Amino acid sequence: RDTNLPENLISNYKVGQIIQEKGFTDMTSIGGGLSGNFRYLIASAHAKDLSKFNPDSAKIGHFLLDTIAYFKVLDIYTIGNKTQVFLLNIPDNSLSLFKNSSSNLEEEITEKARKKFNDKNDTPLIADLQTENWKGRTKSPIGMNDNGELFFDDSKIKTEPFKRIEINIAEKTIKINKKPWWKIW
């Protein structure tokens with residue numbers, strides 16, 4: 001999801017921050033060159049594929065998140081004058097968990113997000129994503145109004161001791177605050 005944002009809006013995003021979008025969140029699954037100075041890369045298991053309902057949506061890989069969506073800002077990455085903010089769509093009943101923890105999976109997908117941004121940064125634009133209609137749907141910042149006022153204050157999320165979560169998909173294990181096997185006396 002590309003747009004043009006002024007620096008005063010971009011600077012409102014902080015890694016680890018939880019934000020809320022009040023409206024629908026339009027995005028595309030088609031990757032191409034950056035059509036503005038700013039890209040939202042969104043990881044979500046809950047986006048609705050609109051191509052099933054509209055052939056025009058299929059052409060542009062149109063996906064949609066419902067209103068009142070929450071995101072964790074995983075990364076802010078800038079190359080030259082172009083910035084990517086990587087957002088993880090999170091369930092509203094898990095805000096405290098995501099605010100007070102980090103995981104190896106977050107780090108792994110962030111690394112992939114940066115590589116994708118490096119690879120796509122100077123590639124050609126996708127013509128179907130340059131229409132006035134699409135640009136109108138994706139021009140607004142996520143999580144704030146056009147004046148930079150955030151829709152959600154994540155400082156109100158209950159603070160707990162920070163947890164480091166190690167997830168091993170192959171072994172189907174999750175370890176929280178894994179203790180080292182050694183001890184310093």
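Everything discussed here concerns the structure shown above.
Residues numbered from 1 in each chain as written. Predicted model: local features only at pLDDT ≥ 70, side-chain atom pairs only at ≥ 80, totals over all residues. Heavy atoms only, no water.

(A) Highlighting helix α4 (residues 104-120). The terminal C-alpha atoms of α4 lie 24 Å apart, and with 17 residues this matches the ideal 24 Å at 1.5 Å per residue to within 8%. Every buried residue of α4 is listed here: Asn104, Glu106, Thr110, Ala113 and Phe117. Here the buried face of α4 lies against β4 (38-43), β7 (69-79), β8 (82-90), α3 (95-99), β9 (101-103) and β10 (163-168). (Helix = DSSP H or I, 4+ residues; strand = E, 2+ residues; numbered from the N terminus. Expected span 1.5 Å × (residues − 1). Buried < 20%, exposed > 50% of the residue type's maximum accessible area, 1.4 Å probe, protein only. Contact = heavy atoms within 4.5 Å.)

(B) Local environment of the layout of surface pockets. Computed from the structure, the largest pocket encloses a volume of approximately 500 Å³. Around the largest pocket, the lining is made up of 27 residues, and of these Arg1, Thr28, Ser29, Ile30 and Leu41 lie nearest the centre. Every element with two or more residues in the lining of the largest pocket is listed here: β3 (25-28), β4, α4 and α5 (132-138). Broken down by element, the residue count for the lining of the largest pocket peaks at 4 residues, all from β4. A class-by-class count of the residues in the lining of the largest pocket yields 11 nonpolar, 10 polar and 6 charged. (1 Å grid on protein atoms, 1.4 Å probe; cavity = no way out; pocket = protein on both sides within 12 Å on 5 of 7 lines; lining within 4 Å. Points joined across faces, edges and corners; volume = space filled by probe spheres on them. Nonpolar A, V, L, I, M, F, W, Y, C, P; charged D, E, K, R; others polar.)

(C) Region of interest: the pattern of salt bridges. Applying the stated criterion to the full structure yields 10 salt bridges. What emerges from the salt-bridge pattern is a single network uniting Glu107, Arg164 and Glu166. (Salt bridge = Lys/Arg side-chain N within 4 Å of Asp/Glu carboxyl O.)

(D) Representation of the side chain of Asn89 within the structure. Its location among the elements puts Asn89 in strand β8. The buried category is assigned to Asn89, whose relative accessible area is 11%. Among the polar contacts made by the side chain of Asn89, one reaches the side chain of Ser44 at a distance of 2.8 Å. With residues near it in sequence (within four places) discarded, Asn89 still touches Ala43, Ser44, His46, Leu65, Ala69, Tyr70 and Phe71. (Polar contact = N/O pair within 3.5 Å; in protein donor to acceptor, adjacent residues only side chain to side chain.)

(E) View of the sheet that holds β3. If you trace the 3 strands from one edge of the open sheet to the other, you get β3-β6-β5, paired in antiparallel fashion. Edge strands, defined here as strands with exactly one partner in the open sheet, are β3 and β5 (48-49). Both β5 and strand β6 (residues 62-65) contribute to a ladder of 2 bridges, which runs antiparallel. The residue of β6 that forms the bridge with Lys48 is Leu64. (Pairing = 2+ DSSP bridges.)

(F) Expanded view of the packing of aromatic side chains. Summed over the entire model, instances satisfying the criterion amount to 5 aromatic pairs. Pairing Tyr70 with Phe152 gives two aromatic rings, centres 5.4 Å apart and planes at 80°, and the pair type is edge-to-face. Within this pair, whereas Tyr70 is found in strand β7, its partner Phe152 is found in the loop between α5 and β10, the two being separated by 82 residues in sequence. The rings of Tyr13, Phe38 and Tyr40 are connected pair by pair, giving a single aromatic cluster. (Phe/Tyr/Trp six-rings, centres within 6.5 Å; stacked < 30°, edge-to-face > 60°.)

(G) Broad picture of the pairing of β4. β4 sits mainly inside the fold: 6 of its 6 residues count as buried. With burial as the criterion, each face of β4 is covered, one bearing Phe38, Tyr40 and Ile42 and the other bearing Arg39, Leu41 and Ala43. Where strand β1 (residues 2-3) lies against β4, 2 bridges are found, and the strand directions are antiparallel. Considered in β4, the bridge of Asp2 is made with Arg39. Sheet analysis places β4 next to β8, joined by 6 bridges and oriented parallel. What sits directly across from Arg39, in β8, is Gln84.

(H) Structural context of the sheet that holds β7. Ordered by their spatial adjacency, 5 strands build an open sheet running β1-β4-β8-β7-β2, and the pairing between neighbours is mixed. Only two strands of the sheet have a single neighbouring strand rather than two, namely β1 and β2 (18-21). Here β7 runs beside β8; their pairing, made up of 9 bridges, is antiparallel. Across the sheet, the residue bridging to Val73 is Leu87, located in β8. Running at roughly 50° to β7, α4 makes contact with β4, β7 and β8 of the sheet. (Axes fitted to C-alpha atoms, helices over the stretch in contact; angles between N-to-C directions.)

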